[in-house]
Amino acid sequence: MKKISAVLLFTAAATTNGFSAPSASSNAQLKADLLQRIRTLKELKERDGDFSIDFGVKGGEIDKKSRAPQKVDFYTISEDVGKAADEVIGITSELEKCSPTDNPTQYLGDKEKGNEAPLNGEWKLLFTTAADANFSKNSKRGSASVKNVVNACKGSITNVIDFQGESTADDETTSTKKVPLVKQLNVVIGAKPASKSRVGLQFKYAKVVFSRFFGLKRQWNLYIPVPAPFITRLIVFFSRIFRFGRKDKKVPPKAYFDVLYLDNELRIQRTGEDNLFVQAKPTWDDAVPFFT
């Protein structure tokens, strides 16, 4: 009787917030394998180098035609780095087959039950193929840490990039980091369920946090409306005019991401541009050393 009760308690606990219990042990092993592959990838990048991605089209951040984030090619660093990245992606494919969450978008946008949403909370980046989310010290953008905060009650997602300053040597034994001009970038996005596993996105605005104001050490914020949806509609509208009489019609692309795997520690998603993101809750102790 005690064994049966224990199983029932475990199952009840595992299904809280939409998470289910099947294959818990195999998932744990796959997650451990994933972190090991990410560790190997980071070590190889430290040995062989990293991406040098800068802002805009010229910097390799976004595609010239679609203006969508570019997809990085890890093989441009080295053969070993490329193979290590493939192994990370391979583990995510295995995890996708056994996600314990049946309805990842449950309660997203629900003012009353949003705190119970499986996606709710802060998620830090472990790995991505998106050029605009890869930062390194050997670029004009500099190194940065990336996280994503889901406020399910409000139906919003905030992408947060904290830029890290360059280290300057004070003497032979100590060094300090110079505070960068752009200290932080926040992109606020409206989010709502498009299906059980797809999240529809609408970009709202960006907030740039500056560390200096005309040379003075005074922090200030600049709010920028994100015009992408409006501009896209204009482009499509005028292209229809110039193709008047033709049957082919184009519609503005919709931004979204699909949740491939989700539990209370790990989240794997793929965007509409086919970029993969692997993120983890800060409370997952095993993942903390690998946050970007």
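Everything below is about the structure shown above.
Residues numbered from 1 in each chain as written. Predicted model: local features only at pLDDT ≥ 70, side-chain atom pairs only at ≥ 80, totals over all residues. Heavy atoms only, no water.

Digging into the packing of aromatic side chains
Put simply, the rule is: Only Phe, Tyr and Trp rings are paired, with Trp represented by its six-membered ring, and only when their centres lie within 6.5 Å; those with planes under 30 degrees apart are stacked, over 60 edge-to-face, the remainder tilted. In this text, helices come from DSSP runs of H or I with a minimum length of four residues, and strands from runs of E with a minimum of two, each type numbered from the N-terminal end. Buried means the residue's accessible area, taken with a 1.4 Å probe over protein chains only, is under 20% of the maximum for its type, while exposed means over 50%, and partly exposed covers the values in between. We call a charge positioned above a ring when the Lys NZ or Arg CZ atom is no farther than 6 Å from the ring centre and deviates by at most 35 degrees from the ring normal.
In total, this model carries four aromatic pairs according to the counting rule given. On the basis of an interplanar angle of 50 degrees and a centroid distance of 6.0 Å, the ring pair of Tyr-205 and Tyr-223 is categorised as tilted. Placement of Tyr-205 in strand β7 (residues 198-210) and of Tyr-223 in strand β8 (residues 220-225) is noted, with a sequence separation of 18 residues between them. Considering the side-chain rings of Phe-213 and Trp-220, the 5.4 Å spacing of their centres and the 85 degrees angle between planes classify their relative orientation as edge-to-face. Phe-213 sits in the partly exposed class, given a relative accessible area of 35%. The class of Trp-220 is partly exposed, set by a relative accessible area of 30%. One aromatic cluster is present, built from ring pairs that chain together Phe-210, Phe-213 and Trp-220. The ring centre of Trp-284 lies 4.9 Å from the NZ or CZ of Lys-31, which sits over that ring.

Remarks on helix α2 (residues 24-48)
This is how it is decided: Here, expected helix span is obtained from the residue count minus one, scaled by 1.5 Å. Residues are treated as being in contact if the distance between any of their heavy atoms lies within 4.5 Å.
If you check α2, its first and last C-alpha atoms are 36 Å apart, about what 25 residues at 1.5 Å a residue would give, namely 36 Å. Asn-27, Leu-30, Lys-31, Leu-34, Leu-35, Ile-38, Leu-41, Leu-44 and Lys-45 are the residues of α2 that are buried. Elements in contact with the buried residues of α2: α3 (79-96), β1 (121-128), β9 (255-262), β10 (266-271) and β11 (276-280). Taken from the residues just after α2, Gly-49 is the one with a positive phi, measuring 120 degrees.

Some details on unusual backbone geometry
Within the chain, Tyr-107 stands out as a residue other than glycine whose phi angle is a positive 65 degrees. Topologically, Tyr-107 is positioned in the loop between α3 and β1. Under the relative-accessibility criterion, Tyr-107 is labelled partly exposed at 25%. Positive phi values are uncommon outside glycine, yet Asp-274 reaches one of about 70 degrees. Considering the arrangement of structural elements, one finds Asp-274 in the loop between β10 and β11.

Notes on the nonpolar core
For soluble globular proteins, the rule of thumb is that nonpolar side chains tend to be buried together. In plain terms, the rule: For our purposes a nonpolar core is just a set of buried Ala, Val, Leu, Ile, Met, Phe, Trp, Tyr and Cys residues, chained together by side-chain atoms within 4.5 Å.
Judged by nonpolar contacts, the single largest core of 31 residues is most densely connected at Leu-126, Phe-127 and Leu-266. Of all elements in the fold, only α2, α3, β1, β9, β10 and β11 reach the threshold of two or more residues within this core. With sequence-adjacent residues up to four places away left out, Phe-127 is seen in contact with Ile-38, Leu-41, Phe-74, Ala-85, Val-88, Ile-89, Leu-276, Phe-277 and Val-278. Grouped together as the second largest cluster of nonpolar side chains are 12 residues, Ala-117, Trp-123, Ala-152 and Ala-191 included.

Looking at the pairing of strand β6 (residues 182-193)
The side chains of a regular strand alternate, residue by residue, between the two faces of the sheet. Here is the rule we go by: Note on pairing: DSSP must find at least two bridges between two strands before they are called paired.
Sheet topology note: the strand β3 (residues 156-163)/β6 ladder contains seven bridges and is antiparallel. Among the inter-strand pairings, Ile-161 is bridged to a residue of β6, identified as Leu-185. Note that β6 and β7 share 11 bridges and pair antiparallel. Looking at β7, one finds that Gln-184 is bridged to Val-209. Here β6 folds back onto β7, and the loop between the two strands holds four residues.

A word on the environment of Ser-145
Its place among the elements puts Ser-145 in strand β2 (residues 144-151). In this structure Ser-145 comes out as partly exposed when scored by relative accessible area, which is 21%. Considering only alpha carbons, one finds Ser-145 and Ala-133, 12 residues apart in sequence, at a separation of 9.1 Å. Ignoring anything within four residues of it in the chain, the contact list for Ser-145 reads Val-160, Ile-161, Asp-162, Gln-164 and Thr-292.

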